[in-house]
Amino acid sequence: MRLRALIDDRTLPLVLPTDASRVCLSPAAAGGAAARARGGLASARCAVADSDAHARDVRVDGERTPPSARVAHSRRGQLACRASDLALEMVALRCARALREMHVTDCAGVSDNGVRLLAAGCPELRVLELRRCPCISSAALLEVAHRLPALEVLHVGGCPELDDAGVSAVATRCARLRSLDVSGSSMRDESLHVLAAHAHVLEDVNIAACFYLTSDVIREFVHTRESLRRLTLSRSLTCSSWFTDSLARELPKLELAIEAAQVPQSLRWHPLPFTEFY
């Protein structure tokens, strides 16, 4: 059966089951750069899995058609979804304590307020992903740390407004945190010191493209945090190939991943911390 509908912030509850345990919102891959620039406001992917783990996927075609011409299928069909703060509020109101995983990717319409509403309405969240959401700042992580102490996985890579305040709050209050992705953030050495002191079960950390971190503190962190199994870095002035090679020799059991990253234009003329050059 085909339904003519535009799935946006207000109509999302019509396709979202109340017992959903996993929700994903992201722009459709076919939408291209234009859709990503709009943060998925014209087309997005909304994937929902209910509590008994039987997947129900709702996909977006990414075609540039007017809202009135978009065709949606009732199951495994094509829908248009506008992901913003109101969408997160609707998810929180409809799923509440049933929700365990929330994945949001490439959505410029999602801000700190949306994360606050989600965290307040879904206290049982275990996995939270907010990748490449440029309006997310440390204020969102402060809410997450305060309202989601049982969080186990937090992936907020590609959010450049994140700094030490948010990362440190999560490290001190989320005692069950196993996986953390803060790649591309503005965090500094202080955050790694706090993670080393408080994140006792942390196994996977992604700090690629965190250009303010120094190699001395990174080495101290991996030697202190014995639970660490995987570390993702990107090479820079203070994290050279010599440093990563020596780290691999010192900790042969540590899975070390290297991601390519280019220093953004906004940071090229900023004074970066310098401790050693190889």
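Undergrad: I would appreciate a short explanation of the overall build of the protein chain in the present structure.
TA: Within the protein chain, the regular secondary structure consists of 8 helices and 12 strands. Going through the 278 residues of the protein chain one by one, you find that 51% of them count as buried. Pairs at least 24 residues apart make up 75% of the contacts formed inside the protein chain by residues separated by at least 6 positions. Accessible surface computed for the protein chain: about 12900 Å², of which carbon and sulfur atoms make up 52%.

Undergrad: Looking at this model, I keep getting lost on the packing of aromatic side chains. Mind explaining?
TA: By convention here, two paired aromatic rings are described through the distance between centres and the angle between planes. Per the stated rule, a full pass over the model turns up 0 aromatic pairs. If you follow Arg188 out to its NZ or CZ, it ends over the ring of Tyr212, 3.9 Å from the centre.

Undergrad: Honestly, helix H8 (residues 241-250) in this entry has me stumped. Any pointers?
TA: Helical geometry: 3.6 residues make up each α-helical turn, so side chains three or four residues apart lie on a common side. The set of residues buried in H8 consists of Phe243, Thr244, Ser246 and Leu247. For H8, the buried positions fall inside an angular range of 165 degrees around the axis, keeping them on one side. At its buried positions, H8 is contacted by helix H7 (215-224), strand E11 (230-233) and strand E12 (255-258).

Undergrad: Please clarify how the packing of helix H4 (residues 138-147) against helix H5 (residues 164-173) should be interpreted in this entry.
TA: Two packed helices can be described by the angle between their axes and the distance between those axes. Remark: H4 packs on H5, axes separated minimally by 8 Å, with the N-to-C direction vectors making an angle of 10 degrees. Accordingly, the angle class assigned to the pair H4 and H5 is roughly parallel. Taking contact as the criterion, the partners of Ser138, Leu141, Leu142, Ala145 and His146 in H4 are, on H5, Ala165, Gly166, Val167, Ala169, Val170 and Arg173. Here the contact of H4 with H5 is built from residues that sort into 7 nonpolar, 3 polar and 1 charged.

Undergrad: Please explain the packing of helix H3 (residues 112-121) against H4 as it appears in this structure.
TA: Where H3 meets H4, the axes come as close as 8 Å, and the angle between the chain directions of the two elements is 5 degrees. On the basis of the axis angle, H3 is roughly parallel to H4. The segment H3 lies against H4, with Asp112, Val115, Arg116, Ala119 and Ala120 engaging Ala139, Ala140, Glu143, Val144 and Arg147. Residue classes in the contact of H3 with H4 are distributed as 6 nonpolar, no polar and 4 charged.

Undergrad: Can you help me understand empty space enclosed by the protein in this one?
TA: In this approach a probe as big as a water molecule rolls over the atoms, and the regions it shows empty are the leftover space. Tallying each qualifying case throughout the model produces 2 cavities of 30 Å³ or more. As a volume, the largest cavity reaches approximately 80 Å³. Residues belonging to the lining of the largest cavity are distributed by class as follows: 8 nonpolar, 3 polar and no charged.

Undergrad: Just to check I follow, could you spell out the side chain of Ser137 for this structure?
TA: With respect to the secondary-structure elements, Ser137 resides in the loop between strand E7 (127-131) and H4. Side-chain polar atoms of Ser137 contact the side chain of Asp112, separated by 2.5 Å. Ignoring anything within four residues of it in the chain, the contact list for Ser137 reads Asp112, Glu161 and Leu162.

Undergrad: Sorry, what's going on with the side chain of Asp112 here?
TA: Mapped onto the secondary structure, Asp112 falls in helix H3. In this structure Asp112 is buried but unpaired, with Arg116 as the nearest side chain of opposite charge at 9.3 Å. Not counting chain neighbours up to four residues away, the residues in contact with Asp112 comprise Cys135, Ile136, Ser137, Ala139 and Ala140.

Undergrad: Where do I start with the nonpolar core in this structure?
TA: Generally speaking, soluble globular proteins have nonpolar side chains that are buried together. If you look at the biggest cluster of nonpolar residues, it comprises 62 residues, and the most contacted ones within it are Met102, Leu118, Ile207 and Leu231. Of the residues forming this core, the biggest block, 5 residues, is contributed by helix H2 (residues 85-95). Ignoring any residue separated from it by four or fewer positions in sequence, one finds Leu231 in contact with Val205, Ile207, Ile218, Val222, Leu247, Leu254, Glu255, Leu256 and Ala257.

Undergrad: Mind showing me how you'd approach the environment of Glu129 here?
TA: Mapped onto the secondary structure, Glu129 falls in strand E7. Classification of Glu129 by relative accessible area gives buried; the value is 13%. Considering only alpha carbons, one finds Glu129 and Met102, 27 residues apart in sequence, at a separation of 6.2 Å. When residues no more than four places from it in sequence are discounted, the contact partners of Glu129 are Met102, His103, Val104, Thr105 and His155.

Undergrad: How should the pattern of salt bridges be read in this particular structure?
TA: Two side chains carrying opposite charge are able to pair once their charged atoms lie near each other. Applying the stated criterion across every chain yields a total of 10 salt bridges. Glu101 is the salt-bridge partner of Arg22, the closest N and O atoms lying 3.0 Å from each other. Of this pair, Arg22 sits in strand E2 (residues 20-26) while Glu101 sits in strand E6 (residues 101-105), and the two are 79 residues apart along the sequence. Judged by its relative accessible area of 26%, Glu101 is partly exposed. Look at the salt bridges and you will find they share partners, linking Arg97, Glu124 and Arg126 into a network.

Undergrad: Can you walk me through unusual backbone geometry in this structure?
TA: Keep in mind that most residues, glycine aside, have a negative phi and that most peptide bonds are trans. The backbone of Arg132 sits at a positive phi, close to 50 degrees, despite the residue not being glycine. Positive phi, normally seen in glycine, also occurs at Ala209, with a value near 60 degrees. Its location among the elements puts Ala209 in the loop between strand E10 (204-206) and H7.

About the thresholds
- Residues numbered from 1 in each chain as written.
- Predicted model: local features only at pLDDT ≥ 70, side-chain atom pairs only at ≥ 80, totals over all residues.
- Heavy atoms only, no water.
- Helix = DSSP H or I, 4+ residues; strand = E, 2+ residues; numbered from the N terminus.
- Buried < 20%, exposed > 50% of the residue type's maximum accessible area, 1.4 Å probe, protein only.
- Contact = heavy atoms within 4.5 Å.
- Areas by Shrake-Rupley, 256 points an atom, 1.4 Å probe, with all protein chains shown as cover.
- Phe/Tyr/Trp six-rings, centres within 6.5 Å; stacked < 30°, edge-to-face > 60°.
- Lys NZ or Arg CZ within 6 Å of the ring centre and 35° of its normal.
- Arc of directions from axis to C-beta.
- Axes fitted to C-alpha atoms, helices over the stretch in contact; angles between N-to-C directions.
- Parallel < 35°, antiparallel > 145°, perpendicular 65-115°, else oblique.
- Nonpolar A, V, L, I, M, F, W, Y, C, P; charged D, E, K, R; others polar.
- 1 Å grid on protein atoms, 1.4 Å probe; cavity = no way out; pocket = protein on both sides within 12 Å on 5 of 7 lines; lining within 4 Å.
- Points joined across faces, edges and corners; volume = space filled by probe spheres on them.
- Polar contact = N/O pair within 3.5 Å; in protein donor to acceptor, adjacent residues only side chain to side chain.
- Lys, Arg positive; Asp, Glu negative; His and termini not counted.
- Salt bridge = Lys/Arg side-chain N within 4 Å of Asp/Glu carboxyl O.
- Core = buried A, V, L, I, M, F, W, Y, C linked by side-chain atoms within 4.5 Å.

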